[in-house]
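Fold and contact review
Listed below are the residues making up each chain.
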Amino acid sequence: MSTHPSTSVTLAEDQSKALLSGFGVPFAPEAVVHSPADAVSAAATIGYPVVVKLNGERIAHKTERGLVKLNLGDAEAVTTAATTLLSAATPEDGDVSLLVAPMLSATREFIAGISTDPQFGTTVVLGVGGVLTEAIADVSIRLLPITELDAQSMINDLRSQPLLGEFRGEPAVDRHALGAVLMALSDAAAATTHMLSADLNPLMIVDGMPIAVDALVEVRES
Amino acid sequence: MTVPAATEAQFRALFEPRGVLIAGASTHPGKFGFVSLHNLLASGYSGKVFATNRDGAEVLGINCLTSVDDLPDGEVDLVFVCTPKSANLELLRACAAKGITAAFVTSAGYGEADEAGIADEAELVAVCQELGILLAGPNGQGVVSTPANLCAQIVAPYPPAGQIAIASQSGNFVSSFLNWSIATGVGISRAVSAGNAAATSVGDYLSFYASDSKTEVGLAYVEGIDNGREFFEQTRSVAAHMPLVVLKGGATDTGARAASSHTGSLATNDKVFDGACRQAGVCRAATVEEAFEAAATFATQPRPRGNRVVVMTTAGGWGVVTADAIGHSRTLHLVQLPDDLLAELDELLPPRWSKNNPVDLAGGETRDTIPLVLERIAANDSVDAIIYLGLGIQSNQAALLRNGPFYPDHGIERIVAYHERQDERFAHAAAEVSDRVGKPILTATELAVSHPDNPGPRTVRATGRVCYSSANRAVRALEHLVWDAEFRATRAGLPFTSRS
């Protein structure tokens, strides 16, 4: 869970997404269900393949615990995954549910979020995402609040500019849309008094448009 | 501790005092109390100078007072404190009674020393606040203000007058910047070392500079920043008034911090500071020479209206390396020469010229070629800035001829004079064309440091500009100039040509 002082708490993935999408962060459509049968009907509506995750307020490191089931191609796979996930929940996890979302894949991933700096306060962060995120450390930061010009200059400041152009047969990243995600994060952080951090990781680029497939918001407990 | 910002009048007392009191003057020429009085008198300070010491000795022609009480009322604005820490509170009370409203405290043993020093520093701050005295320092090196011929410093040097104002968290860096000022000839308006910055921070000095009519450019060195948000707000407001260059020590960090998120682990101190500078419109420099040269470039070059650069060189290799540096730049663009300019240059140059950017004259220049080519390039609408390489070559050969065994015979005297005149002309042309067209022209040659008296670099300095010691340093300085201009233009909704 959180390594911030015990005064902070992370929101569940669906709550994190609800909070941020209210400010305009784009997310893939998804359903929150409570049974394998409901997961299957949600998957049919969304369209295969799908991803199913265990969702709950006290569940932060889903991947490390194997609580994300990717690339499920049919009803049988969804049923098996949903059953496994629900039985993997421990009493410490508290109330849990299942999150069903389309299985997106992207050649390009970014990471975007809100972070609190001890000297400078709340910051907006944009970085090159994926498994090499920390090793590449291509990141651009501004202090809250940011303007549209700040958002565009954050994007321009990334070293990996080729990732933003036309790339492997995919269109260039829509810089206005990417800037809008940063503005939305800034707005969300400014309006949420107790927000300590927020993570969109990954922020995928699908057909040139940014779309977040995971969200984690951490707030100071009041 | 939060201290109310010093007033404009208090900053005037610090930088343009009607009179100065050196407290703790010494007869020993190795002591700060001697050196500071010496530097004050030697720099030609025109206000009244007083000094105190315990036995009322005469120091450098000044008859020291044994007590501040003997000072005339209302004639002194600034006290320069060289006394031991234990004497300072009583001293400052007596100074306030005589109308002094600014104190530069050099005394050590305060917050930088130990727990007791921290407590003493807090008391010093409180007493100064109570007395209405601006507290600079303690543990600081001094203050320089060329409009007042003021050099109240415990170390050299005293710089030429100019438009750059310096605030530094380290006294050493004040000296470094002042030494670069002397080397380049680009002058200083104010300089102050903040010492422990107990009451007056680097950001506070910069805020005063922003409203100072004698200052056009800010230059700062900072290390630890206690209140980053305040520093950001101050520097953003300063940068809205004038270009501001910041060098930060302690710039590397491991990123080790308690972070529950991936974005948190990416947001290291240095990256956050970097982002704050970009957002505030502050030019962040990586080295002391880069910082000074950026500031000096702001003080001496017109502002570009775009990022399209032409390199003009009298010989090939320099141009290639400079083009590489521009190619690596995220800010600058090596512009392809437009057809009209190609045609104009074809008329001025022999067929073997590069016909490309860099404009390589290939040694084909006659008497007027360089001024004419500079003029045509600068006047072209597709060009925003020029880097000029190769100045001083002729004079360097002239120096060898002049100092060789054959001078002045064999026609040597005449050709030496010609070479030297030519380099002077070229340097004047670069400045004159730049001023007339309103576009930056940066001249770079290592002769600026290897042979600073070469008529080329010497004349560049005489025109008030920097002769950069390498093309790469000129490129770096131009990057700051262009970045700043683009930042201002985009924030103001004005056009700026940015090519990538």
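Just so we're clear, the structure is a prediction, and the values are computed from it rather than from any experiment.

About the cut-offs
Residues numbered from 1 in each chain as written. Chains lettered and ligands numbered in written order. Predicted model: local features only at pLDDT ≥ 70, side-chain atom pairs only at ≥ 80, totals over all residues. Heavy atoms only, no water. Helix = DSSP H or I, 4+ residues; strand = E, 2+ residues; numbered from the N terminus. Buried < 20%, exposed > 50% of the residue type's maximum accessible area, 1.4 Å probe, protein only. Areas by Shrake-Rupley, 256 points an atom, 1.4 Å probe, with all protein chains shown as cover. Lys, Arg positive; Asp, Glu negative; His and termini not counted. Charge placed at Lys NZ, Arg CZ, Asp CG, Glu CD. Patch = residues over 30% accessible without salt bridge, like charges linked within 9 Å, V, L, I, M, F, W, Y side chains within 5 Å. Salt bridge = Lys/Arg side-chain N within 4 Å of Asp/Glu carboxyl O. Domains from an automatic or database assignment. Pairing = 2+ DSSP bridges. Right-handed = clockwise from strand over helix to strand, strands pointing away. pLDDT = per-residue confidence, 0-100. Contact = heavy atoms within 4.5 Å. Buried area = accessible area lost by both parts, 1.4 Å probe. Polar contact = N/O pair within 3.5 Å; in protein donor to acceptor, adjacent residues only side chain to side chain. Core = buried A, V, L, I, M, F, W, Y, C linked by side-chain atoms within 4.5 Å. Expected span 1.5 Å × (residues − 1). Axes fitted to C-alpha atoms, helices over the stretch in contact; angles between N-to-C directions. Phe/Tyr/Trp six-rings, centres within 6.5 Å; stacked < 30°, edge-to-face > 60°.

As for the overall build of chain A
Along its length, chain A carries six helices and eleven strands. Oriented by its inertia axes, the alpha-carbon framework of chain A measures out at about 50 × 45 × 30 Å. Sorting the 222 residues of chain A into buried and exposed places 48% on the buried side. Within the structure as shown, chain A displays about 9500 Å² of accessible surface, and the carbon and sulfur contribution to it stands at 56%. Taken together, the 12 basic and 27 acidic charged side chains of chain A have centroids lying 4 Å from each other.

Observations concerning a negative patch on the surface
All names here are of chain B. A cluster of acidic side chains, namely Asp339, Asp340, Glu344, Glu347 and Asp381, defines a negative patch on the protein surface. Looking at where Glu344 falls in the secondary structure, it is placed in helix α12 (residues 339-348). The class of Glu344 is partly exposed, set by a relative accessible area of 31%.

Points about the domain arrangement of chain A
Per the domain assignment, the segments making up chain A are domain 1 (29-102) and domain 2 (106-220). Taking only C-alpha atoms into account, the centre of domain 1 of chain A sits 26 Å from that of domain 2 of chain A.

Some thoughts on unusual backbone geometry
Residue B:Pro358 is bonded to the preceding B:Asn357 through a cis peptide linkage, with omega at 10 degrees. Across the junction of B:Tyr407 and B:Pro408, the peptide omega takes the value 5 degrees, indicating a cis bond. Position of B:Pro408 among the secondary structure elements: in the loop between α14 (393-403) and α15 (412-437). Residue A:Asn71 is not a glycine yet carries a positive backbone phi of 55 degrees. One non-glycine residue, B:Lys355, lies in positive phi territory at about 55 degrees. Structurally, the position occupied by B:Lys355 is in the loop between α12 and β17 (359-360).

Regarding the pairing of strand β13 (residues 244-248) of chain B
Residue and element names in this part refer to chain B. The element β13 is largely enclosed, with a buried count of five among its five residues. Residues Leu244, Val246 and Lys248 point to one face of β13 and Val245 and Leu247 to the other, with burial holding for every one of them. Bridging between strand β12 (residues 217-222) and β13 involves five bridges; their strand directions are parallel. From the neighbouring strand, Ala220 faces β13, where its bridge partner is Val246. The parallel pair β12 and β13, bridged by helix α7 (residues 228-241), forms a crossover whose chirality is right-handed.

Considerations on the confidence of the model for chain B
On average, chain B scores 94 in pLDDT, and the residues at 70 or more come to 97%. Scored below 50 in pLDDT, residues 254-260 of chain B makes 19 contacts in the model with residues more than four places away or belonging to other chains.

Points about the domain arrangement of chain B
Residues and elements named next belong to chain B. Taken domain by domain, chain B comprises domain 1 (8-296) and domain 2 (303-492). On the domain 1 side of the contact with domain 2, Arg278, Cys283 and Glu293 bury the most area, a combined 34% of that side's loss. Summed over the shared surface of domain 1 and domain 2, the result is two salt bridges. For Glu293, the salt bridge goes to Arg473, with nearest N and O atoms at 2.7 Å. The tally of links from domain 1 across to domain 2 stands at five residue pairs in polar contact (both at pLDDT 80 or more). Going through the elements one at a time, α5 (171-184), α7, α9 (269-280), β14 (283-285) and α10 (288-300) are the ones with two or more residues in the side of domain 1 that touches domain 2.

Concerning the interface of chain B and chain A
If you look at the interface, chain B gives 28 residues, while chain A gives 38 residues. Counting the surface lost from both chain B and chain A, the interface buries some 2700 Å², and carbon and sulfur atoms represent 53% of this. Applying the counting rule to chain B against chain A returns two salt bridges. Note that A:Asp150 and B:Arg491 form a salt bridge whose closest N and O atoms lie 3.0 Å from each other. Taken together, the connections running from chain B to chain A amount to nine residue pairs in polar contact (both at pLDDT 80 or more). Put simply, the parts of the chain that give the side of chain B that touches chain A at least two residues each are α7, α8 (262-266), α9 and α18 (471-492) of chain B. Sort the elements by how many residues they give to the side of chain B that touches chain A and α9(B) lands first, with eight residues.

A few points about the nonpolar core
Nonpolar side chains tend toward joint burial in soluble globular proteins. Residues and elements named next belong to chain B. Within the largest apolar cluster, 62 residues are counted, with the highest numbers of intra-cluster contacts made by Leu14, Phe15, Val143, Leu150, Tyr205 and Tyr209. For this core, the element with the highest residue contribution is helix α6 (residues 202-210), accounting for six residues. Other than its neighbours up to four places away in sequence, Leu150 contacts Leu14, Phe15, Pro17, Val20, Leu40, Ser43, Tyr45, Leu78, Val143, Val144, Ser145 and Tyr158. Ranked by size, the runner-up nonpolar core spans 48 residues in total, among them Leu332, Leu481, Trp483 and Phe487.

Remarks on α5(B)
Residue and element names in this part refer to chain B. For α5, which comprises 14 residues, the first-to-last C-alpha distance of 20 Å matches the rise-based estimate of 20 Å (1.5 Å per residue) to within 8%. Of the residues making up α5, those classed as buried are Gly171, Val174, Ser175, Phe177, Leu178, Ser181 and Thr184. Of the residues flanking the start of α5, the one acting as N-cap is Ser170, its side-chain oxygen 3.3 Å from the backbone nitrogen of Asn172. Where α5 terminates, the next one or two residues include Gly185, which has phi positive at roughly 80 degrees.

Some words on the pattern of salt bridges
All names here are of chain B. Applying the stated rule across the entire model yields 35 salt bridges over all chains. Glu16 is the salt-bridge partner of Arg190, the closest N and O atoms lying 3.0 Å from each other. One end of the pair, Arg190, is in strand β11 (residues 188-193); the other, Glu16, is in the loop between α1 (8-15) and β1 (19-23), with 174 residues separating them in the sequence. Take Arg190: its relative accessible area is 0%, and that puts it in the buried class. In this structure, a network of salt bridges that share partners links the residues Glu8, Arg12, Glu16, Arg190 and Asp212.

Some words on the side chain of B:Ser170
Within the fold, B:Ser170 resides in the loop between β10 (161-168) and α5. Apart from the residues within four sequence positions on either side, B:Ser170 is in contact with B:Tyr221 and B:Glu223.

A closer look at the sheet that holds β13(B)
Residue and element names in this part refer to chain B. Pairing within the open sheet is mixed, and its seven strands lie in the order β9-β8-β11-β10-β12-β13-β14. Every other strand in the sheet has two partners, leaving β9 (150-153) and β14 as the edge strands with one partner each. Each strand axis lies, on average, 20 degrees off the axis of its neighbour in the sheet, ignoring direction. For strand β8 (residues 142-145) and β11, the ladder comprises three bridges, and the chain directions are antiparallel. The residue bridging Val143 from the neighbouring strand is Val192, located in β11. α5 contacts β8, β9, β10, β11, β12 and β13 of the sheet and is inclined by roughly 160 degrees relative to β11.

Here we look at helix α13 (residues 369-379) of chain B
The complete set of buried residues in α13(B) reads B:Thr369, B:Ile370, B:Pro371, B:Val373, B:Leu374, B:Ile377 and B:Ala378. Contact partners of the buried residues in α13(B): β15 (308-313), α12, β17, β18 (385-389), α15 and β19 (441-444) of chain B.

A word on the packing of aromatic side chains
Where two aromatic rings form a pair, the distance of their centres and the angle of their planes describe that pair. Residue and element names in this part refer to chain B. What the rule picks out here adds up to eleven aromatic pairs over all chains. Summarising the aromatic geometry, the rings of Phe15 and Phe208 are spaced 5.5 Å apart at their centres and angled 0 degrees between planes, so their arrangement reads as stacked. Note that Phe15 is positioned in helix α1 and Phe208 in helix α6, a separation of 193 residues in sequence. Judged by relative accessible area, Phe15 falls into the buried class, the value being 0%. A relative accessible area of 3% means that Phe208 is categorised as buried. Pairing Phe15 with Tyr209 gives two aromatic rings, centres 5.8 Å apart and planes at 55 degrees, and the pair type is tilted. One end of the pair, Phe15, is in helix α1; the other, Tyr209, is in helix α6, and 194 residues separate them in sequence.

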